[in-house]
Amino acid sequence: MPVPEAGAAGAAAAGVAADPAWVGFLRRHGLWLLLAATALRLLVAAVAPLSPDEAYYWVWSRALAPGYFDHPPMVALWIRCGTWVAGQSAFGIRLLGPFATLAGTFLIRAAGRDLIDDAAGLMAAAVLNASLLFGAGAITMTPDTPLLLFWTATLAAFARLVATGRARWWLVAGVSCGLGMDSKYTAALLPLCALAWLVSPRQWRWLRHPAPWAGGALALLLFAPTLGWNAAHHWVSFVKQGGRTLDFVPARAARYVSELVLGQIGLMTPLLFGLCLAGLVAAARAARGPKPTPRLLLAFTVLPGLVFLQHALGDRVQANWPAVIWPGAALAAALAAPAWRRALFVPGLWLGIGITALVYAHATLDILPLPARMDPVTRLGGYRELARHLRDLRPAPRFLATDSYGAAALLDFLAPTCPNLIAVGPRWRYFALPAGAARLSGGSGLLLRDTRRHNPPDREGWQSLAPVGVIDRTWHGEVSGRYRLWRVTAGAVPPVSAVMPCRPGS
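Residues numbered from 1 in each chain as written. Predicted model: local features only at pLDDT ≥ 70, side-chain atom pairs only at ≥ 80, totals over all residues. Heavy atoms only, no water.

## Structural notes on the environment of Ala 45
How we decide: Secondary structure counts use DSSP, requiring at least four H or I residues in a row for a helix and at least two E residues in a row for a strand, with both numbered from the N terminus. Throughout, exposure labels follow a simple rule: accessible area from a 1.4 Å probe, protein chains only, divided by the maximum for the residue type, with under 20% read as buried, over 50% as exposed, and the rest as partly exposed. Working rule for contacts: check all heavy atoms of both residues, and any pair within 4.5 Å makes them a contact.
With respect to the helices and strands, the residue Ala 45 is situated in helix H2 (residues 20–47). Residue Ala 45 is classed as buried on the basis of its relative accessible area of 1%. In the structure, Ala 45 is positioned 50 residues away from Leu 95 in sequence and 7.6 Å away in space, judged by C-alpha atoms. Excluding residues that lie within four positions of it along the chain, Ala 45 makes contacts with Ala 90, Phe 91, Arg 94 and Ile 139.

Following this line, the structure appears as structure tokens:
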């Protein structure tokens, strides 16, 4: 049967004009600059303080499962691979992040070459690497790290499909989509993006071809273990991630939408954000034409963007959540009018690189005199000293419990107190970790609780609860966190809890 028209010739039709100066420079030196950036990212990843969420995902990697309370399992698998190679360290946890960014750069360049021309691929790769999206994302390990790689791989597979018309690229897209859904549930938008593109003129005929359905089957097959885990655990992570999807809070909607927009400007840096926006406007204008490229880019950007905009009408959207819109938007930047490209591209690269360099310097050297409440480095600092202080308490408690999952993970990772560090809370019933009931029973211990949680601890499972004092977590003389200690005795049926996994050799 006939297949939709290949679209690699979109450069001339879209009016993309290459600036020989920067194109030639990137062709000659781009690979070396990319390798240097990867080396720098590996260095920063090894030195920057670990976040509570990263330590939490490290706990997952010590108890591998097809799914978890919060997310699918890919981030745990990546951390397990990284720590197997580089040891139980921040560097090991983050090892695959810079390499994922490196691979994503090659994929986005290939997508640009297939959809528009080689200059467009170079531009998109440069835009993403100069932004905080890649700059900060490469030095942290969260579910967004593998998600962004597999989302970009799916987009690159569709670009190859457009360029060649060969049905096998549907299978590649299906595999990438399935791996993306094993990374973060946001990847469930990928089939919707594909469908939004398919219903456009000249593409709907693919629906009569077996290849898209085979690709969808491959994606579902790869996602099946996570589906099975959720089915066996009351669909807990689906409920957690989707429970507030349709919320609408008019009193706060304007604030949340403003935070969403400002977060994306910060993530891409201001000039590159403007360039991508100009490209998307140009793509929308070109979408009425016969070429599939503008409609494909709009499907992979506008649709997920609208989903997060809707979410912001009822709840706060973290800046990293809509990260998936930016690979497509970076490709669309090449469609912006020449005046926009001349005004924003090169200055935007310098501004983005400068902002990223400042973030790297502060993450490793703590150079900016920011107030403690606004300083992410201060907020992440002092856990090692806090862990050692708690470990050296005399008389030593039978156990140390905390109802903060992030604090439990970081305390255990930085200064292991095993075998007596216990994480408390309903979420731990869904983890393949040793239950903490045996450690809690038969004696009193201490419960650590962040003072920002103003309500008292849940009394269920505790025979007694009595506050005994406040302990500060400090970093360079600044208070970065404050915790209340409670002396507790477990009841006959202790609270849901888990024993934190010991690091090898600890």
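## Describing the pattern of salt bridges
Formally: For this analysis, a salt bridge means a side-chain nitrogen from Lys or Arg found within 4 Å of a carboxyl oxygen belonging to Asp or Glu.
Following the criterion strictly, the structure yields 14 salt bridges and no others. For the salt bridge of Asp 144 with Lys 184, the shortest nitrogen-to-oxygen distance reads 2.9 Å. With Asp 144 in helix H9 (residues 144–164) and Lys 184 in the loop between helix H10 (168–181) and helix H11 (189–198), this residue pair connects regions lying 40 residues apart in the sequence. Lys 184 carries the same exposure label as Asp 144, and that label is buried. Between Arg 255 and Glu 259 there is a salt bridge, and its shortest N-O distance comes to 3.3 Å. Placement of the pair is Arg 255 and Glu 259 together in helix H14 (residues 250–268), with a separation of 4 residues, close to one helical turn. One network of salt bridges, in which partners are shared, links Arg 27, Arg 109, Arg 113 and Asp 118.

## Structural notes on helix H4 (residues 74–86)
Applied cut-off: By this rule, a helix spans an expected 1.5 Å times one less than how many residues it contains.
Spanning 13 residues, H4 covers 18 Å between terminal C-alpha atoms, matching the ideal 18 Å at 1.5 Å per step. For H4, the complete set of buried residues consists of Met 74, Val 75, Ala 76, Trp 78, Ile 79, Gly 82 and Thr 83. Its buried side turned inward, H4 meets helix H3 (52–61), helix H5 (90–94), helix H6 (96–115), H9 and H10. Of the residues one or two after H4, Gly 87 is the one with positive phi, at around 90°.

## Considering the packing of aromatic side chains
For clarity, the threshold we go by: Note on aromatic contacts: the rings of Phe and Tyr and the six-membered ring of Trp form a pair at centre separations within 6.5 Å, being stacked when their planes are under 30 degrees apart, edge-to-face when over 60 apart, and tilted otherwise.
Taken as a whole and judged by the stated rule, the model has 24 aromatic pairs. On the numbers, 5.9 Å between centres and 40° between planes, the contact of Tyr 68 with Phe 431 is tilted. Residue Tyr 68 is found in the loop between H3 and H4, and its partner Phe 431 is found in the loop between strand S2 (421–424) and helix H23 (437–440); the two are separated by 363 residues along the sequence. Taken individually, Tyr 68 and Phe 431 each receive the classification buried, so the pair is uniform in this respect. Relative to Tyr 430, the ring of Phe 69 has its centre 5.7 Å away and its plane inclined at 20°; by these criteria the two rings are stacked.

## Some points on the packing of H14 against helix H17 (residues 302–312)
Applicable threshold: Lines fitted to C-alpha atoms define the axes, with helix axes restricted to the stretch in contact, and inter-axis angles between N-to-C directions lie between 0 and 180 degrees. Any angle that falls under 35 degrees is termed roughly parallel, while one over 145 is termed roughly antiparallel, one within 65 to 115 roughly perpendicular, and all others oblique. Side-chain classes follow a simple rule in which Ala, Val, Leu, Ile, Met, Phe, Trp, Tyr, Cys and Pro form the nonpolar group, Asp, Glu, Lys and Arg form the charged group, and the remainder, Gly included, forms the polar group.
Orientation of H14 relative to H17, taken along the N-to-C sense of each, is 140°, at an axis distance of 8 Å. Between H14 and H17, the angle is such that the two are oblique. Residue-level inspection shows Ala 253, Tyr 256, Val 257 and Leu 260 of H14 in contact with H17, the latter providing Phe 308, Leu 309 and Ala 312. Within the contact of H14 with H17, the residues separate by chemical class into 7 nonpolar, no polar and no charged.

## Regarding the nonpolar core
For clarity, the threshold we go by: To define a nonpolar core, start from buried Ala, Val, Leu, Ile, Met, Phe, Trp, Tyr and Cys residues and group those joined through side-chain atoms within 4.5 Å.
With 81 residues, the main nonpolar core has Val 127, Leu 133, Phe 158, Trp 197, Phe 300 and Trp 326 as its most contacted residues. With sequence-adjacent residues up to four places away left out, Phe 300 is seen in contact with Trp 151, Leu 155, Phe 158, Leu 190, Cys 193, Val 324 and Ile 325. Counting residues in each nonpolar core, the second largest holds 51 residues, with Ile 93, Ala 387, Ala 408 and Ala 415 among its members.

## A short note on the pairing of strand S4 (residues 462–475)
Here is the rule: We call two strands paired when DSSP finds no fewer than two bridges between them.
As defined by bridge partners, S4 adjoins strand S5 (residues 478–490) across 12 bridges and the pair is classed as antiparallel. Each residue of the ladder has a partner; that of Asp 472, found in S5, is Arg 482.

## Let's talk about the packing of helix H21 (residues 383–391) against helix H22 (residues 405–414)
Interhelical geometry of H21 versus H22 gives an angle of 80° and a closest axis separation of 9 Å. Taken together, the axes of H21 and H22 are roughly perpendicular relative to one another. The residues of H22 that touch H21, namely those facing Tyr 383, Arg 384, Leu 386, Ala 387 and Leu 390, are Ala 407, Leu 410, Leu 411 and Leu 414. Along the lines of polarity and charge, the residues of the contact of H21 with H22 split into 8 nonpolar, no polar and 1 charged.

## Let's talk about the sheet that holds S2
As summarised here, the arrangement of the 6 strands in space is S4-S5-S3-S1-S2-S6, forming an open sheet in which the pairing is mixed. Every interior strand has two partners, whereas the edge strands, S4 and strand S6 (497–499), have only one. Within the sheet, the average angular offset between the axes of one strand and its neighbour, ignoring direction, is 25°. Sheet topology places strand S1 (residues 400–402) next to S2; 3 bridges connect them, and they run parallel. Across the sheet, the residue bridging to Leu 400 is Leu 421, located in S2. Across the sheet, H21 touches S1, strand S3 (444–450), S4 and S5, and the angle it forms with S4 is around 135°. Along the sheet, H22 contacts S1, S2 and S3; its crossing angle with S2, the most-contacted strand, is approximately 165°.

## Points about unusual backbone geometry
Glycine aside, negative phi is the norm for most residues, and most peptide bonds take the trans geometry. Of note, His 234 is a non-glycine position whose phi angle comes to about 60°, a positive value. With respect to the helices, strands and loops of the structure, His 234 is situated in the loop between helix H12 (210–232) and helix H13 (236–242). Exposure remark for His 234: the relative accessible area of 64% places this residue in the exposed category. We note that Thr 269 has phi near 70°; this positive angle belongs to a residue other than glycine. In this fold, Thr 269 is placed in the loop between H14 and helix H15 (270–286).

## Quick look at the confidence of the model for the protein
Here is the rule we go by: For every residue, the predictor reports its confidence as pLDDT, a number between 0 and 100.
Looking at the protein as a whole, its pLDDT mean stands at 88, while 93% of the residues score no less than 70. Considering each helix and strand of the protein separately, the mean pLDDT is smallest for helix H1 (residues 10–14), with a value of 41, and largest for H10, with 98. With pLDDT under 50 throughout, residues 1–18 is counted as low confidence; its partners more than four residues away or in other chains account for 42 contacts.

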